[in-house]
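Tertiary structure, described
Here are the chains, one letter per residue:
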Amino acid sequence: MQQLTRLLEAALFSASHPLSLAELAVLDPLASEDDWRAALAELRDVYDNGGHGVELAEVADGFQVLTRREFADAIAQAQIVIRPRKLSVAAMETLAIVAYRQPVSRGEIEEVRGVQADGVLRLLQERALIDVTGRGEGLGRPLLYGTTPAFLEMLGLKELTELPRAEELSVALRPPERVTPDL
Amino acid sequence: MQQLTRLLEAALFSASHPLSLAELAVLDPLASEDDWRAALAELRDVYDNGGHGVELAEVADGFQVLTRREFADAIAQAQIVIRPRKLSVAAMETLAIVAYRQPVSRGEIEEVRGVQADGVLRLLQERALIDVTGRGEGLGRPLLYGTTPAFLEMLGLKELTELPRAEELSVALRPPERVTPDL
Amino acid sequence: MTATMAPTPDRAFMVELEEFSGPLDLLLHLIREQEIDITDIPIAKIAEQFLGAIAALGLNQAADYLEMAAQLLRIKIQLLLPRPFDDSDWEDPRAELVRRLLEYEQVREVARWLGEQAEWRSDHFPRGFLPDPPDLPPAPIVFNLDDLIKAVNDVVDAMPRAVIHRVVPRPLDVEGATRRLRELLETLERVEFREALGGAPTVADVISMLIAVLELSRVGQVGLAQSSPFGPLEISRATADQAA
C-alpha cells in the first residue's frame, strides 16, 4: 500500500464518524483530492481482493470501514456488538413520511397514516432519528419535524437524495400534483 | 486470508475492547485455540507485511487492532477523533436554571431539580459555561453561579436580556415554597 | 388488542389487527387481497368488511379505526344520494379516499425500503474501539437556544409542587405504565424492562411497570423472555401464536 493509503486506513480506524474528503484533506496538506481518491480506491481494492473481514463503504458524510455482512451474525451472537433494535412498521412509515415531507407537522403525518403519531414521534425523537426543525405557520404554530444525520447513518446513506424517488416507486400516485416532492 | 482470519479481523475491528482467546472461542465453536493462534499470526503477518496503517497488538486483556504510531500525530492534529458533543440532560437542565436564575447557589439548583448538582456544576465550570460570580447571604455564605461570556457566545446572544421569555421563566424556576405540614 | 376476528358472513376473513399499522393499512389489505380495482371500490362491501374486522377492538385503540369506518359510511351515503340531472360537476366521493390510499401505499413501499436499508446497515458494524486522543482539548459542546428553553420547560414540568400534607405515598400508576409500554412497543419490537422504566424511576414506577408487564403478559399481549439467569428481562410484542 502507498503511504497515503496507510495514513487513510489509520485515520479511518481512529475516527468516530465517517470521514469526508474535506476532513481527509487536513491529514496531509500536500495530498490533492485526486490523491485521496486514489488512496480510497486502493484501500477498497485491498479489502475486497485481499480477502479481508472488513470493507470500505461510502456512507453518510463520507467514508467508513465496516465489517462484512457475512460476519455480522457470529459477532452479534458472541455479544461483541449489540445490534441496533429493529424499528416497527409504524416507526418506519412515520420515518418515511418525515424523510420525504420534511419539514412536516404531526398533523400532516397523522393525515397520511390515518393514525395518531405522538407516541411514535416521541420515540423517534428519543432515538435521535428525527428532530424538531422549526415551527409551521398555521394554527398554534405546530412543531415541524425533519430527519437527523443519525437517520442517514442508520441507513448507511450519504444524503437524502439517495432515498428512492417518487418515480422509482411501483405505486403511482394520482392526481399528480400530490406526488411526493422531489428531494 | 483464511475464513477464520477474516472473522477474526471483523471481530477485533468491531469490538470495543481487546478480545481474549476465551472470547474469540465463542465466535466459532468449531475452531480450536490453535486455529485462533494461527489466525492471529496470519492477521499480524498481513498487517505487518502488506504495508497496512494498522497493526495487531497483544495487550493485557487480549488482542486488539491499533493504528500504527507513525500516524498518531497526523491523526491527532486533524482532530478527526473528536466529535462535538451534546450536553447531558442533567447538565443542560442545570445550565438552564443557572441561566435564568443567576446568581444562584447550588442549594437552590438542587431544590429545583431535586437531585445533587455538584458534579454537573463542576463539569459546566470546566467547560467554561458557568462560573462563580459571588457569595450568597445565608448560612455558610454559599457560592453563587452565573453564566459566562462563552455561554452567550455559543447561543449567539449579546447579553442575558436577550434570553427568550426571561421574566416568565425566571419566575417559573423559583423553588416551591416548603410548607410545614400542619400537624 | 385481541388478535383474531370473527369471520364476516360472506367471506371468511381472518384478520389480525396486530398486523396492521392503522386503518389505511387494513383497508388496503382488504382491497388488494380481493383484487379490487382501487379506482372503483365497492364501498358498501368494503365498509361492511372493515366494520367486521374492527368489531372486537378495544375502544381506546379503535379511535383511528372508527374514524375511518365513519368516513366509509359517509361515502356510502353520498353514493346513494341522487345525482343532479346534469352531473358534469359531480365528483366521486371516493376520490379523496383513493388518493389517500395510493399515497399511503407509497409510504408503505418507502418504509419497506427503509427497513431493508437499515437492515443492511445493522449487518455492517463500524469500529468499536476508539482511542482517546492524547493531550487534546475536550470535544466542543454544542447546544442552541431551543435546547436551553426545552431544558427549562423540562425542569419546570418536573419541579415538585408545594404540598401541605405528604401522608399518602404516591399511588401506583399501572395505567400509565401500561400506556408507556404500549407506546414503546409501537416503535420497538422488544424492549428491556429497565428501558421501559425510563430515566430515574421511583419505587412506585418500578412496581407499576412490573404489574403492567405481568398483566399484559397474562392476557397475552406481550411476550417475556430472559436469555440468561439474572439477565435483562425482554418484553416483546406478542406474536399471534403467543396470543392464542
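Residues numbered from 1 in each chain as written. Chains lettered and ligands numbered in written order. Predicted model: local features only at pLDDT ≥ 70, side-chain atom pairs only at ≥ 80, totals over all residues. Heavy atoms only, no water.

1. Quick word on the overall build of chain A
Put simply, the rule reads: Secondary structure elements follow DSSP: runs of H or I no shorter than four residues count as helices, runs of E no shorter than two count as strands, and numbering proceeds from the N terminus. For the exposure calls, accessible area comes from a 1.4 Å probe over protein chains only, and a residue counts as buried if that area is under 20% of its type's maximum, exposed if over 50%, partly exposed in between. Residues are treated as being in contact if the distance between any of their heavy atoms lies within 4.5 Å. Note on areas: Shrake-Rupley with a 1.4 Å probe; residue coverage comes only from the protein chains shown.
Helix and strand content of chain A: eight helices and five strands. Starting at the N terminus and walking to the C terminus, you meet the elements of chain A as α-α-α-β-β-α-α-β-α-α-β-β-α. Across the 183 residues in chain A, those meeting the buried criterion constitute 52%. Of all intrachain contacts in chain A linking residues separated by at least 6 positions in sequence, the fraction that spans at least 24 positions is 44%. With an accessible surface of roughly 8300 Å², chain A has 50% of that area assigned to carbon and sulfur atoms.

2. Points about the pattern of salt bridges
The criterion, for reference: Salt bridges are defined as contacts in which a side-chain nitrogen from Lys or Arg sits within 4 Å of a carboxyl oxygen from Asp or Glu.
Summed over all chains, the structure comprises 34 salt bridges over all chains. The salt bridge partner of A:Glu70 is B:Arg6, with a shortest N-O separation of 3.4 Å. Here A:Glu70, found in the loop between β2 (62-67) and α4 (72-77), pairs with B:Arg6, found in helix α1 (residues 3-14), and the two come from separate chains. Accessibility expressed as a relative area gives 44% for A:Glu70, which makes it partly exposed. A cluster of three or more residues bridged by salt bridges with shared partners is formed by A:Arg101, A:Glu111, C:Glu96, C:Arg99, C:Arg100 and C:Glu103.

3. Notes on the interface of chain C and chain A
What counts is decided by this rule: Buried area: the accessible area, evaluated with a 1.4 Å probe, that two parts lose upon being put together, summed over both parts. In protein, a polar contact requires one atom able to donate a hydrogen and another able to accept it; more generally it is a pair of N or O atoms within 3.5 Å, and residues adjacent in sequence count only if both atoms are side-chain atoms. The classification used treats Ala, Val, Leu, Ile, Met, Phe, Trp, Tyr, Cys and Pro as nonpolar, Asp, Glu, Lys and Arg as charged, and all other residues, Gly among them, as polar.
In this complex, chain C contributes 47 residues to the contact, which on the side of chain A involves 63 residues. Of the roughly 4800 Å² buried between chain C and chain A, counting both surfaces, carbon and sulfur atoms make up 60%. In this structure, the connection of chain C to chain A is made through eight salt bridges. Among the ionic pairs, A:Glu111 bridges to C:Arg100, the shortest N-O distance being 3.8 Å. At the junction of chain C and chain A, the tally comes to 17 residue pairs in polar contact (both at pLDDT 80 or more). Elements represented by at least two residues in the side of chain C that touches chain A include exactly α1 (23-33), α4 (95-122), α6 (174-187), β2 (190-192) and β4 (233-237) of chain C. With 22 residues, the top contributor of residues to the side of chain C that touches chain A is α4(C). Residue classes in the side of chain C that touches chain A are distributed as 19 nonpolar, eight polar and 20 charged.

4. Points about the nonpolar core
As a reminder, the rule being used: Here, the term nonpolar core denotes a set of buried Ala, Val, Leu, Ile, Met, Phe, Trp, Tyr and Cys residues that are joined through side-chain atoms within 4.5 Å.
Residues A:Trp36, A:Ile75, A:Ile80, B:Leu27 and B:Trp36 are the most contacted members of the largest nonpolar core, which totals 55 residues. Those residues in contact with B:Leu27 that sit more than four places away from it in its chain are A:Ala74, A:Ile75, A:Ala78, A:Ile80, B:Leu7, B:Ala11 and B:Trp36. Core analysis: the second largest hydrophobic core is formed by 48 residues, A:Ala99, A:Val104, C:Val110 and C:Val222 among them.

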